[in-house]
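# Per-entry structural report
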Amino acid sequence: MSRYFIGLTGASGHLYGERLMRALAALGHDLDLALTPAGAKVLRHELGVDAGPEGAELEASLPRWLGEDTARRVRVFKSDEIEAPASSGTAGIAAVILCPCSMGTLARVSAGFSSNLVERAADVAIKERRPLLLVVRETPLSEIHLENLLRMARLGAQVLPAMPGFYQRPENLAELVDQLVGKILDGLGLEHELGKRWSGELAGDPGLEGCS
Ligand SMILES: Cc1cc2nc3c(=O)[nH]c(=O)nc-3n(C[C@H](O)[C@H](O)[C@H](O)COP(=O)(O)O)c2cc1C
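Figured I'd write up the structure that's included with this text. As a convention, each chain's residues are numbered from 1 in the sequence order in which they are written. Local features are withheld for residues below a pLDDT of 70 in this predicted model, meaning they are given only at 70 or higher, and side-chain atom pairs are given and counted only at 80 or more; totals for whole chains, interfaces and linings count all residues. To obtain the side-chain values, all non-hydrogen atoms of the structure were used and water was disregarded.

## Examining the overall build of the protein
In plain terms, the rule: Each helix corresponds to a stretch of at least 4 residues labelled H or I by DSSP, and each strand to a stretch of at least 2 residues labelled E; elements are numbered beginning at the N terminus. A 1.4 Å probe rolled over the protein chains alone gives each residue an accessible area, and that area as a share of the maximum for its type sets the label: buried under 20%, exposed over 50%, partly exposed in between. Whether two residues are in contact is decided by their heavy atoms: any pair within 4.5 Å suffices.
The number of helices and strands found in the protein is 8 helices and 6 strands. Reading the protein from its N terminus to its C terminus gives the helix and strand order β-α-β-α-α-α-β-β-α-α-β-α-β-α. Principal-axis analysis of the C-alpha atoms gives the protein an extent of 60 × 40 × 35 Å. Expressed as a percentage of its 212 residues, the buried residues of the protein come to 47%. Here the analysis covers contacts within the protein between residues at least 6 apart in sequence; of these, 69% occur between residues at least 24 apart.

## As for the site of the ligand
To keep things clear, this is the line we draw: Note on definitions. A residue lies near a molecule or strand when any single heavy atom of the residue is within 4 Å of it. Any pair of N or O atoms that falls within 3.5 Å is considered a polar contact. Within protein, one atom must be able to donate a hydrogen and the other to accept it, and sequence-neighbouring residues count only if both atoms are side-chain atoms. All accessible areas in this document rest on Shrake-Rupley with a 1.4 Å probe, and a residue is counted as covered only by the protein chains that are shown. Residue polarity follows a fixed list, in which Ala, Val, Leu, Ile, Met, Phe, Trp, Tyr, Cys and Pro are nonpolar, Asp, Glu, Lys and Arg are charged, and the others, Gly among them, are polar.
In the region of the ligand, 13 residues are neighbours, and Gly 10, Thr 36, Ser 102, Thr 105 and Arg 137 sit closest. Backbone polar atom of Ser 12 to an oxygen atom of the ligand: 3.0 Å apart, as the coordinates give it. Interatomic distance of 2.8 Å between a backbone N/O atom of Met 103 and an oxygen atom of the ligand. When the ligand sits alone it has 640 Å² of accessible area, and the protein chains cover 64% of it. Secondary structure elements with two or more residues in the shell around the ligand: helix H2 (37–47) and helix H5 (103–110). With 3 residues, H5 is the largest single contributor of residues to the shell around the ligand. Residues belonging to the shell around the ligand are distributed by class as follows: 4 nonpolar, 6 polar and 3 charged.

## As for the environment of Ala 203
If you trace the backbone, Ala 203 turns up in the segment after helix H8 (173–187). Judged by relative accessible area, which is 35%, Ala 203 ranks as partly exposed. The spacing of Ala 203 and Val 118 is 85 residues in sequence and 42 Å in space, taken between C-alpha atoms.

## Describing the pattern of salt bridges
As a reminder of what qualifies: Basic side-chain nitrogens of Lys or Arg form a salt bridge, by our definition, when they fall within 4 Å of a carboxyl oxygen of Asp or Glu.
Considering all chains together, one arrives at 14 salt bridges under this definition. In this structure, the salt-bridge partner of Asp 32 is Arg 3, at a minimum N-O distance of 2.7 Å. One end of the pair, Asp 32, is in strand S2 (residues 30–35); the other, Arg 3, is in strand S1 (residues 3–8), with 29 residues separating them in the sequence. The partner of Arg 137 in a salt bridge is Glu 138, with the nearest N and O atoms 3.7 Å apart. Taking the relative accessible area as the measure of exposure, Arg 137 reaches 30% and is therefore partly exposed. Of the residues examined, Glu 138 reaches a relative accessible area of 36% and is grouped as partly exposed. Taken together, the salt bridges that share partners define one network made up of Arg 3, Asp 32 and Arg 75.

## Section: the sheet that holds S1
For the record, the criterion: Pairing between strands is defined by DSSP: at least two bridges between the two strands are required. Axis lines are fitted through C-alpha atoms, for helices just across the contact stretch, and the angle between N-to-C directions can take any value from 0 to 180 degrees.
The 6 strands lie next to each other as S3-S2-S1-S4-S5-S6, forming an open sheet whose pairing is parallel. In this open sheet, the two strands that pair with only one neighbour each are strand S3 (74–78) and strand S6 (158–159). Two strands pair when backbone bridges link them, and strand S5 (residues 132–136) and S6 are joined in this way by 2 bridges, in the parallel orientation. Across the sheet, the residue bridging to Leu 134 is Val 159, located in S6. Contacting strand S4 (95–101) and S5, H5 runs over the sheet at an angle of about 145° to S4.

Next up, the structure:
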């Protein structure tokens, strides 16, 4: 079993982060978690989770938010806690996942700023050549965003835009979210049962039942 670092930032898409943490914990993995101040605002807005001013009370809100079983596997750090284990390549963090990842955090990571724990954890993953997954979200994307994304891809990060596909014909929001979270787990090389795998069969083709 591994320990993963999850960074929640001020982009939209905290439902993806929530589902990812639940899924990783259910697979028996441990998590280090940090939330940026902007992330705390968007988390409260999107999921109604009150992590306190600048996310200072995230730890206390965790069991209610994610349930006891998941919360037990999560170590919470403040975003200015740059002394946290994830700040060092020696900590044994298997991969860093920023989910959701704002364009601001993307820009600072791509420039090596490391101005908070989330950015530093990503910086460590780059320098140690460990997996870094960026679940970015913005639309439309400017040239600045695209250049930063290209830079990160060239550095070896996996860019997984929070850009849901509809060809698997999701029936509800949970299925849509699970499809992307399944791609994140694929990116980590983990076995899972989230989302549907493409069967090669188009719905409506004669004799075919559609995607399964
Ligand atoms: C409700 C809400 C939704 C937002 N959604 C996005 C988004 O999808 N992508 C993005 O890059 N920024 C988004 N922002 C803006 C970021 O939160 C802002 O740029 C912030 O400074 C990012 O800080 P951080 O990278 O330290 O978390 C949103 C802000 C709010 C209030």
